[in-house]
Amino acid sequence: EITRDRSKRKLFLSQKSFAEKVLRRFGMEKAKVVSTPLAVHFKLSAALSPKSDAEKKYMEKVPYSSAVGSLMYLMVCTRPDIAQAVSVVSRYLSCPGKGHWEAVKWIFRYLRGTIDARLEFGNGKALTGYVDADFAGDLDKRRSLTGYVFTLGDCAISWKSTLQATVALSSTEAEYMAITEAIKEAIWLKAFVGEMSSFEGPITVFCDNQSAIHLTKD
């Protein structure tokens, strides 16, 4: 859904109707609202996959893949706020358990509370990036998660949340690998935006790890 406010020179992009359709499809349209995409008490791992025949039979009736796919479509198009949560639950598509399904329903509850969230495009020209990483957040292989978002005029235009290919041995290493991915995206965005406008300014990328920041300056 695209709406335009000519007086304020703003453009809004949302998927409210699709989100409502998804909530109705999975029976979550009246679920209790939560304030975070994925609560800290969720410790998801392959250990939560079904072990008994009863659990396997129960999960066969659960539309896990379809639910995650619907959330992924929202995340890719207009909802960077659920990127990390969707990245986590999508790791267990091959053999989801009850714990994984509870996490998916939690995302639905967050979605219901933020149904009106939308992207807002304005006149700003500053291209800014924000990058972060957790350290060994994947309980199965102890890989870290890279997450970044880039904004153009205070509106998110590019975002990503994915597991790193290499196991980091320190938080500095995890953050440095995340910065590397973000900088590659920044270089591409600068060239892309430059083709459509006269953008020539620098791109500022923010990171909250002092060790990694000092390492990039070496």
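Here, every reference points to the structure presented above.
Residues numbered from 1 in each chain as written. Predicted model: local features only at pLDDT ≥ 70, side-chain atom pairs only at ≥ 80, totals over all residues. Heavy atoms only, no water.

**Student:** Teacher, can you tell me more about the overall build of the chain here?
**Tutor:** Along the chain, the regular secondary structure elements total seven helices and seven strands. The helix and strand sequence of the chain, counted from the amino end, reads β-β-α-α-α-α-α-β-β-β-β-α-β-α. Within the span of the chain, comprising 218 residues, buried residues form 39% of the whole. Residue pairs in contact within the chain that sit at least 24 positions apart in sequence constitute 71% of those at least 6 positions apart. Counting 31 positive and 24 negative side-chain charges, the chain places the centres of these two groups 7 Å from one another. (Helix = DSSP H or I, 4+ residues; strand = E, 2+ residues; numbered from the N terminus. Buried < 20%, exposed > 50% of the residue type's maximum accessible area, 1.4 Å probe, protein only. Contact = heavy atoms within 4.5 Å. Lys, Arg positive; Asp, Glu negative; His and termini not counted. Charge placed at Lys NZ, Arg CZ, Asp CG, Glu CD.)

**Student:** When you look at the packing of aromatic side chains in this model, what are you seeing that I'm missing?
**Tutor:** The relation between two aromatic rings is expressed through the spacing of the ring centres and the mutual angle of the planes. For the coordinates displayed, the defined rule picks out seven aromatic pairs. Between the aromatic rings of Phe26 and Phe108, the centroid separation amounts to 5.4 Å while the plane-to-plane angle is 20 degrees, which identifies the pairing as stacked. Of this pair, Phe26 sits in the loop between α1 (16–25) and α2 (53–60) while Phe108 sits in helix α5 (residues 98–113), and the two are 82 residues apart along the sequence. Residue classification places Phe26 among the buried positions, given a relative accessible area of 13%. Residue Phe108 is classed as buried on the basis of its relative accessible area, which comes to 0%. (Phe/Tyr/Trp six-rings, centres within 6.5 Å; stacked < 30°, edge-to-face > 60°.)

**Student:** Looking at this model, I keep getting lost on the sheet that holds strand β6 (residues 155–163). Mind explaining?
**Tutor:** Two orientations exist for strands paired in a sheet by backbone hydrogen bonds: parallel and antiparallel. An order of β6-β5-β4-β7 is seen for the four strands of this open sheet, with the pairing classed as mixed. The open sheet terminates on both sides in strands that have one partner only, identified here as β6 and β7 (204–206). Each neighbouring strand pair of the sheet contributes to a mean axis angle of 15 degrees, computed without reference to strand direction. Bridge count for strand β4 (residues 127–133) against β7 is three bridges, and the pairing is parallel. Looking at β7, one finds that Tyr130 is bridged to Phe206. Most of the contacts of helix α6 (residues 171–196) go to β4, to which it runs at about 160 degrees, and overall it touches β4, β5 (145–152), β6 and β7. (Pairing = 2+ DSSP bridges. Axes fitted to C-alpha atoms, helices over the stretch in contact; angles between N-to-C directions.)

**Student:** In this structure, what is going on with a nonpolar patch on the surface? I would like to understand it.
**Tutor:** A surface patch of nonpolar side chains, amounting to about 370 Å² of accessible area, comprises Trp188, Phe192 and Met196. With respect to the secondary-structure elements, Phe192 resides in helix α6. (Patch = residues over 30% accessible without salt bridge, like charges linked within 9 Å, V, L, I, M, F, W, Y side chains within 5 Å. Areas by Shrake-Rupley, 256 points an atom, 1.4 Å probe, with all protein chains shown as cover. Salt bridge = Lys/Arg side-chain N within 4 Å of Asp/Glu carboxyl O.)

**Student:** What is the right way to read the side chain of Ser87 from this model?
**Tutor:** Considering the arrangement of structural elements, one finds Ser87 in helix α4 (residues 83–89). Since its relative accessible area comes to 11%, Ser87 is described here as buried. At 3.2 Å, the side chain of Ser87 and the backbone oxygen of Ser161 are in polar contact. When neighbours within four sequence positions are excluded, Ser87 is seen to be in contact with Leu145, Ser161 and Thr162. (Polar contact = N/O pair within 3.5 Å; in protein donor to acceptor, adjacent residues only side chain to side chain.)

**Student:** For this particular structure, what's the right way to read the environment of Met59?
**Tutor:** With respect to the helices, strands and loops of the structure, Met59 is situated in helix α2. Distance in space between the C-alpha atoms of Met59 and Ser49 is 9.4 Å, their sequence separation being 10 residues.

**Student:** When you look at the packing of α1 against helix α3 (residues 64–77) in this model, what are you seeing that I'm missing?
**Tutor:** Two numbers describe a pair of packed helices, the interaxial angle and the distance between the axes. Look at α1 against α3: their axes get within 11 Å of each other, and the N-to-C directions meet at 170 degrees. Taken together, the axes of α1 and α3 are roughly antiparallel relative to one another. Taken together, the residues of α3 that come into contact with α1 (itself represented by Phe18, Ala19, Val22 and Arg25) are Ser66, Ser70, Tyr73 and Leu74. Looking at side-chain class alone, the contact of α1 with α3 contains five nonpolar, two polar and one charged residues. (Parallel < 35°, antiparallel > 145°, perpendicular 65-115°, else oblique. Nonpolar A, V, L, I, M, F, W, Y, C, P; charged D, E, K, R; others polar.)

**Student:** Would you mind showing me how to read the nonpolar core here?
**Tutor:** General note: in soluble globular proteins, nonpolar side chains tend to be found buried as a group. One finds Tyr64, Val89, Val104 and Phe108 to be the most contacted residues of the largest nonpolar core, which totals 39 residues. Of all the secondary-structure elements, those providing two or more residues to this core are α1, α3, α4, α5 and β6. When residues no more than four places from it in sequence are discounted, the contact partners of Phe108 are Val22, Leu23, Phe26, Met28, Ala67 and Leu71. Membership of the second largest hydrophobic core comes to 14 residues, among which are Tyr148, Ala186, Phe199 and Cys207. (Core = buried A, V, L, I, M, F, W, Y, C linked by side-chain atoms within 4.5 Å.)

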